[in-house]
Structures are given as structure tokens and as C-alpha cells.
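# Residue-level structure breakdown
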Protein chains: 2
Amino acid sequence: MSGGEETDTAKKVTDAALRPFLGFNLRRAWNVIHADLGATLDPLGLRMITFSALVVIGDNPGLSQAQLAAALSVERPNLVAVTDELTRRGLISRERVPSDRRTYALRLTTAGARLLAQATEAVHAHETSLYAGLTGDDRAHLLGALAKIEATGTGRS
Amino acid sequence: MSGGEETDTAKKVTDAALRPFLGFNLRRAWNVIHADLGATLDPLGLRMITFSALVVIGDNPGLSQAQLAAALSVERPNLVAVTDELTRRGLISRERVPSDRRTYALRLTTAGARLLAQATEAVHAHETSLYAGLTGDDRAHLLGALAKIEATGTGRS
DNA sequence: GTATAATCGTTATGACTTGTATCTATCTTC
DNA sequence: GAAGATAGATACAAGTCATAACGATTATAC
């Protein structure tokens with residue numbers, strides 16, 4: 001039962017058979033980034049969804065929750081907890097719109113803008129270190145390839 | 001309420017502000033692939049985790065559940081339902097190992113090997129169509145970049 | 001050789017994310 | 001004004017994933 005190759009344990013068990021699948025590699029890379037990005041945002045009290053929300057609100061002041069949900073590709077109900085949390089922490093303001101009293105106009109507060117700036121800097125620094133092995137061209141190619149895959153899968157040609 | 005630019009609705013609300021982040025693009029691409037791959041495997045009665053398990057078992061006949069869990073990067077408890085399901089469907093066999101009666105030796109059954117072949121073909125066909133916009137070089141670069149990111153994040157140099 | 005520690009598979013459990021159905025209030029359309 | 005659509009919210013279900021703990025078995029220490 002030492003050097004036998006009867007069944008298995010001679011050769012190490014690896015995921016080599018899954019490596020040819022691009023989807024598998026994409027999942028693994030995403031897992032790494034997800035965990036790492038989470039660790040980066042955690043000290044700031046943010047999650048990926050709350051950070052993303054701050055970014056989109058900062059770029060589109062006055063937007064509604066439905067618009068935010070669409071931009072983030074999440075369902076409306078799942079955004080309620082996010083806006084609640086951001087409001088409770090004083091990072092965004094929700095003002096009623098006179099012309100349409102169903103909707104809220106979301107805007108960053110001063111504290112929200114400050115935190116967003118900090119978080120953006122932290123995320124950029126983190127991405128820079130995570131993509132240290134890649135050249136600028138590599139990153140550009142990667143972005144382009146990911147966008148093409150997303151576009152193909154989404155069906156928008 | 002038509003042409004005013006007081007606050008917002010003049011310019012469309014998009015995720016443009018998130019696009020510079022590679023992590024965001026990676027997540028979106030992964031979401032697309034995940035949904036698409038799920039739809040591809042569903043007719044065969046497989047999920048990504050069961051498909052991945054079949055691939056690794058087929059490549060490492062006789063391995064233990066702990067080895068399989070390590071190769072798939074999932075915790076051991078989460079693999080129990082997977083092996084249970086595959087065993088119940090007669091796709092894999094679990095034989096006790098005389099030299100270590102704690103472990104099971106996992107192997108594909110004939111039916112399992114047949115289904116794996118079908119699924120592999122389906123997944124490959126699907127990946128081919130999904131990556132239609134990419135050249136062979138693009139795919140190779142993408143694979144390399146993803147592997148580098150994973151390696152950097154995992155800490156293994 | 002026996003006591004201690006470690007491992008395998010398992011069960012139970014909780015945290016987290018995400019989607020669906022439904023409700024009220026409000027706006028739009030006819 | 002009535003019917004339908006939309007915004008936000010609530011409740012709920014389903015899926016993923018990690019941790020703690022247990023019995024059975026093996027490895028290690030003394």
C-alpha cells in the first residue's frame with residue numbers, strides 16, 4: 001500500500017481537470033476578489049452592495065431607488081435594506097420629490113461623500129495590489145474581454 | 001418637469017461610475033456565466049457543484065470526499081449533500097477503503113461517466129458560444145490574467 | 001499498550017445573498 | 001372618475017456557504 005497505483009493516492013488530487021473551463025477560472029478569480037474586496041471595505045463599515053450604491057448615487061445625485069436598483073442589477077426589495085442602512089448612518093439623504101411623491105431622491109450627504117472618497121481610494125489601492133501581476137495592457141484586455149462576455153451573455157449583441 | 005436639469009432625470013442613470021473597477025466587471029461577467037451555465041446544466045439534472053464534482057472524480061478515481069472538497073474549495077459538510085445526490089442517482093460509487101475505514105473511495109459509475117461526457121460536451125459548446133466575441137488569443141490572455149489574479153489574491157506569489 | 005490527539009464523514013445550525021408575491025400610496029391613461 | 005402602472009416596502013422562500021460539534025476510526029505520544 002505504499003507505491004501502488006491501484007487507485008489513487010499516488011498522484012495528488014487537484015482541480016486540473018476543471019482548469020480548461022473558463023467559467024471555472026472566472027469563478028475562482030471572482031471568489032478571490034470578492035473575499036479580498038470585502039476585507040478592504042469592512043473597516044469602513046461597507047459591503048460591496050453599499051459601496052456600489054454610494055458610487056452610483058454619487059454619480060447620479062437625485063436618482064430614485066428604482067433607478068438605483070436597475071443600475072446595480074438588483075431587485076427593488078433587496079435595495080430597501082441598503083438605503084435604510086445608508087440613511088440610518090447619515091450617508092445619504094432621501095427627500096420626497098414634489099412632482100412625484102412616490103419616489104425618493106437619493107443624494108450623498110457630506111459624510112457620505114467623505115466616506116465614499118475614502119472607500120474609493122481604498123478599493124483602488126486594493127485593486128492595484130491585486131492586479132500587480134498584470135500590465136496595463138493586460139488589464140485593458142481583461143476589461144474588454146469581460147465586457148464582451150457580459151454583452152454576449154446578456155444578449156445585447 | 002421636462003427639460004429641467006435641477007437634479008437628475010435628464011441624464012440616464014447608469015453603472016458607468018462602477019465600470020472602472022475591475023472587480024465590478026468581473027462580478028457582472030460571472031453573473032452572466034453563472035446564469036448561462038446553470039441553464040446549460042439544468043436539462044441534465046446537474047448544478048455547477050455537481051458537475052464540478054463529477055469532473056474531479058472522473059479525473060481522480062478513488063479519491064476521498066475530503067480530497068474532493070479540497071479540490072473544489074468547498075467545506076466538507078457542504079459536500080455531503082452533493083455526494084449523497086450523486087450516489088442516489090447512481091452516478092458515482094462510494095466504496096469503503098480497507099486500509100482506512102473512515103474514508104470512502106469515490107468513482108464514477110458507467111452512468112456517471114456517460115452523463116459527465118454529455119455535460120462536458122454541453123458546457124464546452126456553451127462556452128464556445130458565450131466567448132464568440134473573443135479570439136483564441138483573447139481567451140488565452142483572459143485565462144492567464146484570471147489565474148494571475150487568483151494566485152495574487154490567494155497569496156501564493 | 002494505553003491515553004491523547006487528529007481525521008473522515010456527518011448533522012445541525014446560522015449568516016448572508018437573492019428572487020418572488022403582495023400590499024399601500026401615488027401617478028398615468030382613457 | 002375608473003383602470004392600470006409604478007415606487008417603495010414587507011413578508012417569505014430558496015440557495016449558498018461557513019462553523020461547531022459528534023461518533024467512528026486512525027495516528028501519535030508516553
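Residues numbered from 1 in each chain as written. Chains lettered and ligands numbered in written order. Predicted model: local features only at pLDDT ≥ 70, side-chain atom pairs only at ≥ 80, totals over all residues. Heavy atoms only, no water.

This part covers the packing of helix 2 (residues 48-59) of chain A against helix 5 (residues 110-130) of chain A. Residue and element names in this part refer to chain A. Interhelical geometry of helix 2 versus helix 5 gives an angle of 115° and a closest axis separation of 10 Å. The handedness of the crossing between helix 2 and helix 5 comes out as left-handed. Mapping the contact onto sequence places Phe-51, Leu-54 and Val-55 in helix 2 and Leu-116, Ala-119, Thr-120 and Val-123 in helix 5. The residue inventory of the contact of helix 2 with helix 5, partitioned by class, reads six nonpolar, one polar and no charged. (Axes fitted to C-alpha atoms, helices over the stretch in contact; angles between N-to-C directions. Helix = DSSP H or I, 4+ residues; strand = E, 2+ residues; numbered from the N terminus. Left-handed = near helix turned anticlockwise from the far one by under 90°. Contact = heavy atoms within 4.5 Å. Nonpolar A, V, L, I, M, F, W, Y, C, P; charged D, E, K, R; others polar.)

As a further point, take the protein's contact with DNA strand D. Lining the immediate surroundings of DNA strand D are 17 residues, of which Gln-65, Ala-66, Arg-94 and Arg-102 of chain A together with Arg-101 of chain B lie closest. With respect to DNA strand D, the side chain of Gln-65 of chain A contributes an N or O atom lying 2.8 Å from a phosphate oxygen. Contact between DNA strand D and Arg-102 of chain A: a base oxygen at 2.8 Å from a side-chain N or O atom of the residue. Among the elements of the structure, helix 3 (65-72), helix 4 (76-88) and strand 2 (100-108) of chain A together with helix 4 (76-88) and strand 2 (100-108) of chain B are those that each provide at least two residues to the surface near DNA strand D. Taken together, the residues of the surface near DNA strand D break down into five nonpolar, four polar and eight charged. (Near = heavy atom within 4 Å. Polar contact = N/O pair within 3.5 Å; in protein donor to acceptor, adjacent residues only side chain to side chain.)

All names here are of chain B. Where helix 1 (residues 22-41) contacts helix 5 (residues 110-130), the two axes come as close as 10 Å, and the packing angle between them is 145°. Regarding helix 1 and helix 5, the two cross each other, and that crossing is right-handed. Note on element contacts: helix 5 touches helix 1 through Ala-119, Ala-122, Val-123, His-126 and Leu-130, opposite Ile-33, Asp-36, Leu-37, Thr-40 and Leu-41. Taken together, the residues of the contact of helix 1 with helix 5 sort by class into seven nonpolar, two polar and one charged.

UniProt's feature table lists "domain: HTH marR-type" (unreviewed entry) at residues 19-151 of chain A, given in the numbering used throughout. Note that residues 19-151 of chain A is 68% helix and 11% strand, and that its end C-alpha atoms are spaced 23 Å apart. (UniProt positions renumbered as here; feature names shortened; annotations may be inferred.)

Moving on, we get to the interface of chain B and chain A. Contact residues are listed per partner, giving 61 residues for chain B and 60 residues for chain A. Sorting the residues of chain B by area buried against chain A places Val-13, Phe-21 and Leu-22 of chain B first, and these three jointly supply 12% of that buried surface. Among the ionic pairs, Glu-150 of chain B bridges to Arg-19 of chain A, the shortest N-O distance being 3.0 Å. Linking chain B to chain A there are nine residue pairs in polar contact (both at pLDDT 80 or more). Broken down by secondary-structure element, the contributors of at least two residues to the side of chain B that touches chain A are helix 1, helix 2 (48-59), helix 3 (65-72), helix 5 and helix 6 (136-154) of chain B. Considering every element that reaches the side of chain B that touches chain A, the biggest residue donor is helix 6 of chain B, with 13 residues. Of the residues belonging to the side of chain B that touches chain A, the class tally is 28 nonpolar, 18 polar and 15 charged. (Buried area = accessible area lost by both parts, 1.4 Å probe. Salt bridge = Lys/Arg side-chain N within 4 Å of Asp/Glu carboxyl O.)

In this section: helix 4 of chain B. All names here are of chain B. Here helix 4 is 13 residues long and its end C-alpha atoms lie 18 Å apart, about the 18 Å a rise of 1.5 Å per residue gives. When helix 4 is considered as a whole, its buried residues turn out to be Leu-79, Val-82, Thr-83, Glu-85 and Leu-86. Mapping the buried residues of helix 4 onto a view down its axis gives an arc of 160°, with all of them on the same face. In helix 4, those exposed residues whose orientation departs by more than 90 degrees from the buried face are Pro-77 and Arg-88. In this structure, the buried residues of helix 4 make contact with helix 2, helix 3, strand 1 (92-97) and strand 2. (Expected span 1.5 Å × (residues − 1). Buried < 20%, exposed > 50% of the residue type's maximum accessible area, 1.4 Å probe, protein only. Arc of directions from axis to C-beta.)

A separate point is the protein's contact with DNA strand C. The environment of DNA strand C is formed by 18 residues, the closest being Arg-101 of chain A together with Gln-65, Ala-66, Arg-94 and Arg-102 of chain B. Counting only atoms of DNA strand C within 4 Å of the protein, the sugar-phosphate share comes to 63%. Within the side chain of Gln-65 of chain B, one N or O atom sits 2.9 Å away from a phosphate oxygen of DNA strand C. Take Arg-102 of chain B: an N or O atom from its side chain is 2.8 Å from a base oxygen of DNA strand C. Here the surface near DNA strand C is built from residues that sort into five nonpolar, four polar and nine charged.

Here the distance between the centres and the angle between the planes together describe a pair of aromatic rings. In the structure shown here, the tally under the stated rule is two aromatic pairs over all chains. Arranged with centres 5.6 Å apart and planes meeting at 75°, the rings of Phe-21 of chain A and Phe-51 of chain B form a pair that is edge-to-face. With Phe-21 of chain A in the segment before helix 1 (22-41) and Phe-51 of chain B in helix 2, the pair connects residues from two separate chains. Positioned over the ring face of Tyr-104 of chain B is Arg-94 of chain B, at 4.2 Å from the centre of the ring. The ring of Tyr-104 of chain B is capped by Arg-96 of chain B, whose NZ or CZ atom sits 4.1 Å from the centre of that ring. (Phe/Tyr/Trp six-rings, centres within 6.5 Å; stacked < 30°, edge-to-face > 60°. Lys NZ or Arg CZ within 6 Å of the ring centre and 35° of its normal.)

Residue position: Ser-52 of chain A is located in helix 2. At a separation of 2.7 Å, a polar atom in the side chain of Ser-52 of chain A contacts the main-chain carbonyl oxygen of Met-48 of chain A. In this structure, Ser-52 of chain A is in contact with Leu-72 of chain A together with Leu-18 of chain B, ignoring residues within four places of it in sequence.

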